Every structure is written in C-alpha cells, then in structure tokens.
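# Commentary on secondary and tertiary structure
The primary structure of each chain is shown beneath.
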Amino acid sequence: MLQPKKTKFKKQFRGKRRGLATRGADLAFGQFGLKSLGRNWLTDRQIEAARKAISHHTKRVGKVWIRVFPDKPITKKPSGVRMGGGKGDIVGWVVPIIPGKIIFELAGVSQEIAQIALRRAGAKLPFKTKIINKME
C-alpha cells in the first residue's frame, strides 16, 4: 500500500475539507482523467483497488498516473479502552480529497476502454466522480 517513508511528525490533526481544488484540477499527463465531485478521505486501500480496476480492464496497455498520495496518518484507539491516555496508534494513511481534484489519469488507450476503466475505478471510491477528456 502507499504510505510515506518518513514524516516530520508522527500524528496529525483531522483538519477540514473546505473549498474547491485549484491545484491538481487539470489534466497534466494523460488524455483521460477521473475527477472528484465530492469530498472525503481517500485511503491507500481505495487507491489501490481503483488502480487495479483500471489496469485490469485496460489489460495493462497504456499508462496510468496516480495524482494523489496518502500522506496523512489516521489514528484509532483500540476497542475497550477508556477515555484519555492520549491519541491512538496509526492505523492507516489517507489523502483529503476536495471537489475538482484529479485522482487518476490515463493515456494510450481508446476512449471506450478508458471510459469503462475509469467508471469501474470510480465505483471503488467513496464519492461521486466524473470522467474528463483532454479534447473537451
């Protein structure tokens, strides 16, 4: 799974997911892209599931770019532990997603294959998505 090799601080605050994406909102590498329409945390497991769906449908033809990286640690206290005692241990890594952010880009395949592959990848994500094309 995706996670940073090293971080400056072990744990982070939860933060807010306000506003719209200005950085990472346009296609930069591929011809087709999957753009988020909702806001949520995207986990490393969800990114990997969507990536597998794309590569499985395209039969590994073409190139896929993952435009997001989970670098925010998520903590959780074990069940049955009373209140207090500090923050819990890190259980996973997420990336906060806001509307307009490009998550995947795809090139080197036909439009029909790209649309089906990106639609299948969007089904693995916890928010609504939109398939965009460089031609539009």
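Residues numbered from 1 in each chain as written. Predicted model: local features only at pLDDT ≥ 70, side-chain atom pairs only at ≥ 80, totals over all residues. Heavy atoms only, no water.

### A word on the overall build of the chain
For the chain, the helix and strand inventory stands at two helices and seven strands. Each helix and strand of the chain, ordered N terminal to C terminal, gives the series β-β-α-β-β-β-β-α-β. In the chain, which comprises 136 residues, the proportion classed as buried is 36%. A fraction of 82% describes how many contacts in the chain between residues 6 or more apart in sequence connect residues 24 or more apart. For the chain, the accessible surface area stands at approximately 9100 Å², while carbon and sulfur atoms represent 52% of it. Treating the 31 positive side-chain charges of the chain as one cloud and the 8 negative ones as another, the clouds have centres 8 Å apart. (Helix = DSSP H or I, 4+ residues; strand = E, 2+ residues; numbered from the N terminus. Buried < 20%, exposed > 50% of the residue type's maximum accessible area, 1.4 Å probe, protein only. Contact = heavy atoms within 4.5 Å. Areas by Shrake-Rupley, 256 points an atom, 1.4 Å probe, with all protein chains shown as cover. Lys, Arg positive; Asp, Glu negative; His and termini not counted. Charge placed at Lys NZ, Arg CZ, Asp CG, Glu CD.)

### Section: the packing of aromatic side chains
When we look at a pair of aromatic rings, we describe it by the centre distance and by the angle of the planes. Within the structure shown, the criterion is met by one aromatic pair. On the basis of an interplanar angle of 15° and a centroid distance of 5.8 Å, the ring pair of phenylalanine 29 and tryptophan 65 is categorised as stacked. Separated by 36 residues along the polypeptide, phenylalanine 29 in the segment before strand 1 (32–36) and tryptophan 65 in strand 3 (residues 63–66) bring together distant segments of the chain. On the basis of relative accessibility, which here comes to 48%, the residue phenylalanine 29 falls in the partly exposed class. (Phe/Tyr/Trp six-rings, centres within 6.5 Å; stacked < 30°, edge-to-face > 60°.)

### What about the sheet that holds strand 5 (residues 89–97)?
Taken in spatial order, the three strands make up an open sheet running 2-5-4, and their pairing is antiparallel. With partners counted over all chains shown, the strands left at the sheet margins are strand 2 (40–43) and strand 4 (72–76), one partner each. Strand after strand, the sheet turns through a mean of 55° between neighbouring axes, direction not considered. The pairing of strand 2 with strand 5 spans four bridges and is classified as antiparallel. Bridging from a neighbouring strand, tryptophan 41 pairs with proline 96 of strand 5. Helix 1 (residues 44–57) contacts strand 2 and strand 5 of the sheet and is inclined by roughly 70° relative to strand 2. (Pairing = 2+ DSSP bridges. Axes fitted to C-alpha atoms, helices over the stretch in contact; angles between N-to-C directions.)

### Points about the nonpolar core
Counting residues in each nonpolar core, the largest one holds 19 residues, and the members touching the most others are Leu42, Ile103, Phe104 and Leu106. With four residues, helix 2 (residues 111–122) is the single largest residue contributor to this core. Aside from chain neighbours lying at most four places away, what touches isoleucine 103 is Leu34, Ser36, Leu42, Trp65, Ile66, Arg67, Val68, Ile97, Leu125 and Phe127. (Core = buried A, V, L, I, M, F, W, Y, C linked by side-chain atoms within 4.5 Å.)

### Quick look at the sheet that holds strand 1
Reading across the sheet, the four strands line up as 3-6-1-7 and stay open at both edges, with antiparallel pairing between neighbours. One side of each edge strand has no neighbouring strand; the edge strands of this open sheet are strand 3 and strand 7 (129–133). Strand-to-strand, the axes of this sheet are offset by a mean angle of 20°, without reference to chain direction. Strand direction decides the pairing type here: strand 1 and strand 6 (residues 102–107), joined by four bridges, are antiparallel. When the sheet's bridge partners are listed, leucine 34 is paired in strand 6 with phenylalanine 104. Its contacts with the sheet put helix 1 on strand 3 and strand 6, and the angle it makes with strand 6 is roughly 20°.

### A look at the environment of glycine 88
Note on placement: glycine 88 falls in the loop between strand 4 and strand 5. What makes glycine 88 buried here is its relative accessible area of 7%. Glycine 88 sits 15 residues away from isoleucine 103 along the chain, and the two C-alpha atoms are 29 Å apart. When near neighbours in sequence (up to four residues on either side) are disregarded, glycine 88 contacts Lys11, Thr75, Lys76 and Lys77.

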